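Okay, here's what each chain looks like letter by letter:
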Amino acid sequence: MPWPWRRKTRRTLARIAIEGPIAGATRTRVLKAIHQVEQRECPALLLRIDSPGGTVGDSQEIHSSLLRLREKGCRVVASFGNISASGGVYIGVAAEKIIANPGTITGSIGVILRGNNLSKLLKRVGVSFETVKSGLYKDILSPDRALTEGERELLQGLIDSSYDQFVEAVATGRGLDQKQVRAFADGRVFSGAQAKEHGLVDGLGDEETARRLAAELADLDPEKTRTITFGSPPKRFAGLLPGRSQLRGLGQALSLELAWNGQPLWLYRP
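Residues numbered from 1 in each chain as written. Predicted model: local features only at pLDDT ≥ 70, side-chain atom pairs only at ≥ 80, totals over all residues. Heavy atoms only, no water.

Asker: Where do I start with the pattern of salt bridges in this structure?
Answerer: Oppositely charged side chains can pair when the atoms bearing their charge come close. Under the definition given, this model contains 14 salt bridges. A salt bridge links Asp58 to Arg27; its shortest N-O distance comes to 2.6 Å. Of this pair, Asp58 sits in helix H3 (residues 56–71) while Arg27 sits in helix H2 (residues 24–39), and the two are 31 residues apart along the sequence. The partner of Asp139 in a salt bridge is Lys133, with the nearest N and O atoms 2.8 Å apart. (Salt bridge = Lys/Arg side-chain N within 4 Å of Asp/Glu carboxyl O. Helix = DSSP H or I, 4+ residues; strand = E, 2+ residues; numbered from the N terminus.)

Asker: Sorry if this is basic, but what is going on with the pairing of strand S1 (residues 13–19) here?
Answerer: For S1, the buried fraction is high: six of the seven residues fall into the buried class. Bridge count between S1 and strand S2 (residues 44–51): seven bridges; the pairing is parallel. Across the sheet, the residue bridging to Leu13 is Ala44, located in S2. Read as a crossover between parallel neighbours, the route from S1 over H2 to S2 is right-handed. Bridge count for S1 against strand S9 (residues 227–229) is three bridges, and the pairing is parallel. Paired with Leu13 across the strands is Thr227, a residue of S9. (Buried < 20%, exposed > 50% of the residue type's maximum accessible area, 1.4 Å probe, protein only. Pairing = 2+ DSSP bridges. Right-handed = clockwise from strand over helix to strand, strands pointing away.)

Asker: What should I look at first to understand H2 in this one?
Answerer: Owing to its 3.6 residues per turn, the α-helix aligns residues three or four sequence positions apart on the same side. The first and last C-alpha atoms of H2 sit 23 Å apart over 16 residues, in line with the 22 Å expected at 1.5 Å per residue. For H2, every residue scored as buried is listed here: Thr26, Arg29, Val30, Ala33, Ile34 and Val37. Seen from one end, H2 has its buried residues packed into an arc of 135°, which puts them on one side. Turned more than 90 degrees from where H2 packs its buried face, Ala25 and Lys32 sit exposed. Against S1 and H3 lie the buried residues of H2. Positive backbone phi, at 55°, marks Glu41, one or two positions downstream of H2. (Expected span 1.5 Å × (residues − 1). Arc of directions from axis to C-beta. Contact = heavy atoms within 4.5 Å.)

Structure representation (structure tokens):
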């Protein structure tokens, strides 16, 4: 069934915001929004990213969906906000152009995997695990013991594979040689101004700068073009409570340590 607003949306600019850590809920919301932009045949998309990154697979799926949207003829411009690091960069390089604030925190190109060795603590409180497993590595990163050398080597191979994928995506998206990318893709972070020197972003400016660029790429009048936001996160009751930003920050920290423990991440973790 054709969208009744299709003719109007052909003259509008779509906007999607990616805020906070990237995980399954973000992926579901953003992929649905990208599909809506495609169905309504919006000629351009402004992608606002304010994220420290997140899970590898979710970042890759959003990246792939943006590339398919571009193949349909939609011009995509990314705007980096306060922070667009690690997985945020991976998603951003799927855009045709990237605009960052001069003081944006970006970069952190790399992979991190963390586990918790609680063996000394567990021994002190008298807790021990009894493990029955089908293979040598089935309980890898178990919190009741340290890694063996074989396990460390296995996990390093996993990290190296994920890192190679990251470098390739950045090099392809930014038109850089992989050697150039590896020279600064060691986990370090940059300001937006430094990122421009490395070729990670195309220009410096705010979201309005990126909006005007997206409109111009799609042959739209920046002064008259309307912007429609797709995929806004649902408002929650907790958002009405005092101190909601602190509660949200605490929830994200707990998510990182518990839900993502032992998982390879494209995530900036200061």
